[in-house]
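Structure assessment
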Amino acid sequence: VDLTNLQRQVIHREATIGINKAQSAKAAMEQINSTIAIEVIAERLDQTMLDARVGQVDLVLDCSDNFATRHAINRACVQHQKMLVSGAAIRFDGQVTSFDFRQDNAPCYACLFPDDANAEEERCAVMGVFAPLVGVIGTMQATMAILMLADVNDAPAGGRLHMFDARSVSWRTVRYQRDTTCAVCAATPRVTPFNKEIEHA
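Source: prediction; values computed, not measured.

The subject of this paragraph is the side chain of Asn 74. With respect to the helices and strands, Asn 74 occurs in helix H3 (residues 67-80). Judged by relative accessible area, Asn 74 falls into the buried class, the value being 0%. Every residue in contact with Asn 74, bar those within four places of it in the chain, is listed here: Leu 84, Phe 101, Cys 108, Tyr 109, Ala 110 and Val 184.

Aromatic rings considered in pairs are described by the distance between their centres and by the relative angle of their planes. Throughout the structure, instances matching the rule amount to six aromatic pairs. Measuring from ring centre to ring centre gives 5.2 Å for Tyr 109 and Phe 113, while their planes differ by 45 degrees; the resulting arrangement is tilted. The exposure class assigned to Phe 113 is partly exposed, which follows from its relative accessible area of 23%. Look at Phe 164 and Trp 171: their rings are 4.8 Å apart centre to centre, the planes differ by 45 degrees, and that puts the pair in the tilted class. On the accessibility criterion, Phe 164 (9% relative accessible area) is buried. The exposure class assigned to Trp 171 is partly exposed, which follows from its relative accessible area of 38%.

Here we take up the packing of helix H2 (residues 47-54) against H3. It is at 9 Å that the axes of H2 and H3 come closest, and there the two elements cross at 45 degrees. By the angle between their directions, the pair H2 and H3 is classed as oblique. The crossing of H2 and H3 is right-handed. Here H2 contributes Gln 47, Leu 50, Asp 51 and Val 54 to the contact with H3, which in turn contributes Ala 72, Ile 73, Arg 75, Ala 76, Cys 77 and His 80.

What counts as what
Residues numbered from 1 in each chain as written. Predicted model: local features only at pLDDT ≥ 70, side-chain atom pairs only at ≥ 80, totals over all residues. Heavy atoms only, no water. Helix = DSSP H or I, 4+ residues; strand = E, 2+ residues; numbered from the N terminus. Buried < 20%, exposed > 50% of the residue type's maximum accessible area, 1.4 Å probe, protein only. Contact = heavy atoms within 4.5 Å. Phe/Tyr/Trp six-rings, centres within 6.5 Å; stacked < 30°, edge-to-face > 60°. Axes fitted to C-alpha atoms, helices over the stretch in contact; angles between N-to-C directions. Parallel < 35°, antiparallel > 145°, perpendicular 65-115°, else oblique. Left-handed = near helix turned anticlockwise from the far one by under 90°.

Next comes the structure, spelled out in structure tokens:
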């Protein structure tokens, strides 16, 4: 935990500066609810370790700040047919979307943002981010995750990118579809049948 994190990463405190973020977050959550079970993984996961971890869960929340990590998480979720909720924020702009890889024709993160090693990347550590924006996007991710895990009838379907402009306090939604030539999801067979109807563009 670094002092510069505190304006937007509200789970940490001045008292936890210098502590591993995973450990700091665990302690904060246990103060809210002492009955929850939290497993801390205080290390970087390579693709093999990530695949193993993703295979053990029901849903993944991607709150990372770089394309390499997002694409690695996406590949693991596609491989194991796990639900994924992805969020990002930079300056005054945020975005959030969900993927349900139990669906036969669900698009993946690489359909929306192809994995281009030459793509220019903007990170909040360099470009800055409007502190409340992170909370808005994080809360929307939590909302989507809970609805998907609870299998609520009108839970957010994939294929919609929700973009938030903090300057105008407004949302805009863009539809997207699966790329049939996608190097990630088009090459990965879906073996688990799941026929929940979704709204198509």
